[in-house]
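One-letter residues, chain by chain:
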Amino acid sequence: NRFMMGGGGGGGSRSGGGYGGMALENGVASRVLLLEGDSGVQSSSVSNIVPSPQAMPSNIGGLVSSHLDAIGVHLKSMPSTSTAEGSVANAMALVTTLQEGLNDQSSIASLSAESMTGYSNALALLKSIMNVSASLGLNLTPPSNNNINDSESVAAGVLGACNFFAIQFRNHVVDVVRNAELSGLSGASAVQGGGSLSPVARDVCAFASIVAGREVTEGRGGVWPKLFYCFRCGDSNAASTVLKQFGNVSVSSDDMSAVDPQVVELVSQLAQMQKDNDTIFGDSTNGNARPVQQLQSSLLSPGNSIVQNRRAVWDLYERTKTRNPSLSAAEPFVAYRAACLALLGGSESISESASLESSGIVKTVEDYLYASLWHAVLLADTSSDGGIGGLKKTSEAVARLGGLIKQWGPSYFEQDDASDNQYSSAASAVAMATQGGVSKSIPRSGGWAYSLPLMASQQYATAMASLADVGGGLGLLQATHVAVVGDAAGLPLNDFILNEHSSSNASQVLLPMLVCSYSASLQGSNVAAAVKYLMLLCGKGKLVKEQIQRLLLETRQFEALAGTVRGDGSRSNAALDEYFSKKEVSSLLAETTGDAIRAGKAADAAELLVLAGKYDALFSLMNRELASYLVVSTEEEFKKRQFWFNAASQFHAIHLSPGKTYVQSNLDEEGKMALGNTFQLLMNLVVFFDRCREHQWQAAWVLMNNLELLPKNENGSDMTIKVEAFSALDVCVKQVFHHVVIASMESLCHLYRTQRHGESSASVYQHNTLDQALNELQTRARLLVTFSRLINLPSSGDSDTYVKIAQLEKNMM
């Protein structure tokens, strides 16, 4: 079964828009699944997860190994991270280690470059969110007692995403400028007056010359493209130095090429807010290494002065649009001026501005997301609207953005044909998955062209579910580790929507589904690794126990998981002992036997019970199986009989040999020594029936006589003793005892016939001996009939058991 159904498929080409990004086109694709939380799992613990493993690519071994090491380190640090700060620090360490694994080119060189780039970006996005939230003292985990007031968590995600897209664009700017310099491209040469500019500002000015053209950047209004790309890099400090170097400040509203005083003042205020941080959004590099910057000194709390300047810039933006109804027909710098004023004033997102639609300034999906999220930030005002309550408009904007992305669907971003499969909810998507789903090819991006925008708009559940569905084995690996990092940081792994009645079911199920599916994908090649990943779910109630039991039965790698039994009866350490105590492992193994028996794997159950040291349960199982196959009629039954007899004999030789007392001691402590006696009896009965089947009547009768099960003489006390002994037998022996009586009577009958046949050639002395033997056989037969009546034998087996016994006795008359 597929993991969860997402949309889109196929490996269609992607046209590059700008910095190797995902091209944005007009149009709306079909709807895809919404994991907003359907009524399904209601409890806080998750259970009965059915994994949906993926085949791992043959060239993925290096990446799997490096990630396994990272998870091992993460697991060891988990117990010490009970606080929110500790959890973020642990998640930060994990994502850093995962990123280091991606730097090992030998591990990823043969993997899809587009998919690995998307994965690297996703980890960088999460790291940016954690860094920014830590630097501003924002909480990534929404209050557990409030379904909709998670605005602080949403705001942290918005600022972190803005910071990520800003840094990503800054790196793109550097690459473009350096490549242009190497190729001698005009416009990449040293910027005039660049000595007083910051490094970022210098690169931005060169980039603006390349993108907009030197005739624009060095002509009238040339400061505006430079200023715009400074803010696209999220750097108010760079913008401030650009204004000082190139800004032609004018109070005249007629000269649109000049920079308005309100813009200069607002940029200066933003630079003061940014301080020495890389971006205006927060500390993107040091995380907890610096003192926490207060929320009140961030973009989320602009203050009255900044708000007033924004309104003034907003007015300038509206006047610019009025004077230039068609920005495409105006001078080239005008579109950049309008974009700058829209960004700074916050009146509308430049990604949705009708005036800027044809300007080409918003070229890629990343541009669109950055502009939309920047606008969402400017909607916040915690300084004047009751603290966190002032983030409501930001939350509304994020929910709207996420809804649009899901509405457009994966084919909108992957540029593949729209999916024919539509799902209205997570429940319908999962239901479709359990029915086998629909086969889809892996997109060129590996699924990240759709999943990364979803993550940026905080639609985490849909992002990870879609990636795991369409990305194959590599996509499942990536989705699992991104989800693990997010969960470790305290991010709610659901889709953020404005619905008071939405539940967190998607968040509860998503991580367990991913981890269990990835673990199941590894279990064939590395069962210890499969266990390690399952331990990430140690806080999910009984789920870990269920999945380990599944792992035991599916892989049957009992030695690797649970070790072997030593000569003294103790068990050697193995994979499970790294995470559980000896007692806990024993309990896990014992409880797994129930599932093994229900699945018809009694042999596995026996092996598990030996490892668990549950010898009473083991003897009960072996006794039941030996009794069931005492009498067989088919070849299949005979093979099972031989298997259990051989297994029991091997167990006896290994664990009950002279000098080994741990089994007897265990049974004695449990008060179950009778089980051992029953085991010995059944082993002898197997031999008895084998001799009967081979017509070794004399040997069969000698064995039965020595077992002391049947009366030997007409002394009343002997009969009473044997009847009482029968009553004390284990129920599994009683249920087949009619077969024992019939076979014993058949042995007597055959021995009688043999003795009678020898009378014709016997001497007088031999006749006396033979008569005595025949009389004894007849006596034992009569005693056996009487015994069978006293123990109500017919009710223990077939209704005609007594008839058979009586007929055999008559044959001896």
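Scoring rules and cut-offs
Per chain, residue numbering runs from 1 following the sequence as it is written. Where totals are concerned, whole chains, interfaces and linings use all residues; where local detail is concerned, this predicted model gives features only for residues with pLDDT of at least 70, and gives and counts side-chain atom pairs only at 80 or more. Hydrogens are left out, water is left out, and the side-chain values use all remaining heavy atoms of the structure. Secondary structure counts use DSSP, requiring at least four H or I residues in a row for a helix and at least two E residues in a row for a strand, with both numbered from the N terminus. Whether two residues touch is decided by their heavy atoms; if any such pair falls within 4.5 Å, the residues are in contact. Under the scheme applied here, a residue whose accessible area is under 20% of the maximum for its type counts as buried, over 50% as exposed, and between as partly exposed, the area being computed with a 1.4 Å probe on protein chains only. We count a salt bridge whenever a side-chain nitrogen from Lys or Arg sits within 4 Å of a carboxyl oxygen from Asp or Glu. Note on ring pairs: Phe, Tyr and Trp rings are taken, using the six-membered ring of Trp, and paired if centres are within 6.5 Å. Classes follow the plane angle, with under 30 degrees stacked, over 60 edge-to-face and the rest tilted. Think of it as a cone above the ring: NZ of Lys or CZ of Arg counts as a charge over the ring if it is within 6 Å of the ring centre and within 35 degrees of the ring normal. We call a set of buried Ala, Val, Leu, Ile, Met, Phe, Trp, Tyr and Cys residues a nonpolar core when their side-chain atoms join them within 4.5 Å. By definition, pLDDT measures how confident the predictor is in each residue, and it falls between 0 and 100. Here, axes are lines fitted to C-alpha atoms. For helices the fit covers the stretch in contact, and angles between N-to-C directions go from 0 to 180 degrees. In what follows, roughly perpendicular refers to angles from 65 to 115 degrees, roughly parallel to angles under 35, roughly antiparallel to angles over 145, and oblique to any angle outside these ranges.

Moving on: the environment of methionine 673. Residue placement: methionine 673 occurs in helix H29 (residues 673–693). Separated by 54 residues in the primary sequence, methionine 673 and phenylalanine 619 place their C-alpha atoms 9.9 Å from one another. Setting aside residues up to four positions removed in sequence, methionine 673 forms contacts with Gln664, Leu667 and Asp668.

A few words on unusual backbone geometry. Phi angles above zero are rare outside glycine, and glutamine 458 is one such case at about 65°. Position of glutamine 458 relative to the elements: it lies in the loop between helix H17 (448–456) and helix H18 (460–470). Positioned with a positive phi, histidine 695 is a non-glycine residue whose angle comes to about 60°. By the element assignment, histidine 695 lies in the loop between H29 and helix H30 (697–706). With relative accessibility at 57%, the residue histidine 695 sits in the exposed group.

Moving on to the pattern of salt bridges. Taken as a whole, this structure holds 25 salt bridges when the rule is applied. Here lysine 406 ties to aspartate 495 by a salt bridge, and the two come within 3.0 Å at their closest N and O atoms. With lysine 406 in helix H14 (residues 392–408) and aspartate 495 in the loop between helix H19 (472–489) and helix H20 (505–522), the pair connects residues that are 89 residues apart, well separated along the chain. With a closest N to O distance of 2.9 Å, arginine 550 and glutamate 554 form a salt bridge. Residue arginine 550 and its partner glutamate 554 are both found in helix H22 (residues 543–555); the two are separated by four residues, about one turn of the helix. Relative accessible area serves as the criterion here: at 48%, glutamate 554 is assigned to the partly exposed category.

Next up on the list: the packing of aromatic side chains. In total, this model carries 28 aromatic pairs according to the counting rule given. Ring centres 5.0 Å apart and planes at 65° place the aromatic pair phenylalanine 619 and phenylalanine 679 in the edge-to-face group. Note that phenylalanine 619 is positioned in helix H26 (residues 615–628) and phenylalanine 679 in helix H29, a separation of 60 residues in sequence. By relative accessible area, which is 2% here, phenylalanine 619 ends up buried. These aromatic residues form a ring-pair network of at least three members: Phe169, Phe207, Phe228, Tyr229 and Tyr336. Of note, arginine 232 hangs over the ring of tyrosine 370, and the distance from its end group to the ring centre comes to 4.5 Å. The residue whose ring lies beneath lysine 734 is phenylalanine 726, and the NZ or CZ to ring-centre distance is 5.9 Å.

Within the largest apolar cluster, 248 residues are counted, with the highest numbers of intra-cluster contacts made by Trp224, Val263, Met455 and Phe737. A per-element tally of this core places helix H5 (residues 151–183) first, with 13 residues. Setting aside its immediate chain neighbours within four residues, methionine 455 contacts Ala122, Leu125, Leu126, Trp448, Tyr460, Ala463, Met464 and Val482.

As a further point, take helix H21 (residues 527–534). Among the eight residues of H21, seven are classified as buried, and the element is accordingly described as predominantly covered. Along H21, the residues classified as buried are Val527, Ala529, Ala530, Val531, Lys532, Tyr533 and Leu534.

This part is about the confidence of the model for the chain. Mean pLDDT over the chain stands at 82; residues scoring 70 or higher make up 81%. Within the chain, the element-level pLDDT minimum falls on helix H16 (residues 426–434), averaging 41, and the maximum on H21, averaging 97. Every residue in residues 145–149 is under pLDDT 50, and counting partners more than four places away or in other chains gives six contacts.

The next point concerns the environment of asparagine 499. Assignment of secondary structure puts asparagine 499 in the loop between H19 and H20. A relative accessible area of 31% means that asparagine 499 is categorised as partly exposed. Distance in space between the C-alpha atoms of asparagine 499 and alanine 399 is 9.8 Å, their sequence separation being 100 residues.

Between H26 and helix H28 (residues 662–670), the least distance of the axes is 9 Å, while the angle of their chain directions is 95°. Considering their axes alone, H26 and H28 lie roughly perpendicular with respect to each other. Taking contact as the criterion, the partners of Tyr615, Asp616 and Phe619 in H26 are, on H28, Tyr662, Val663, Asn666 and Leu667.

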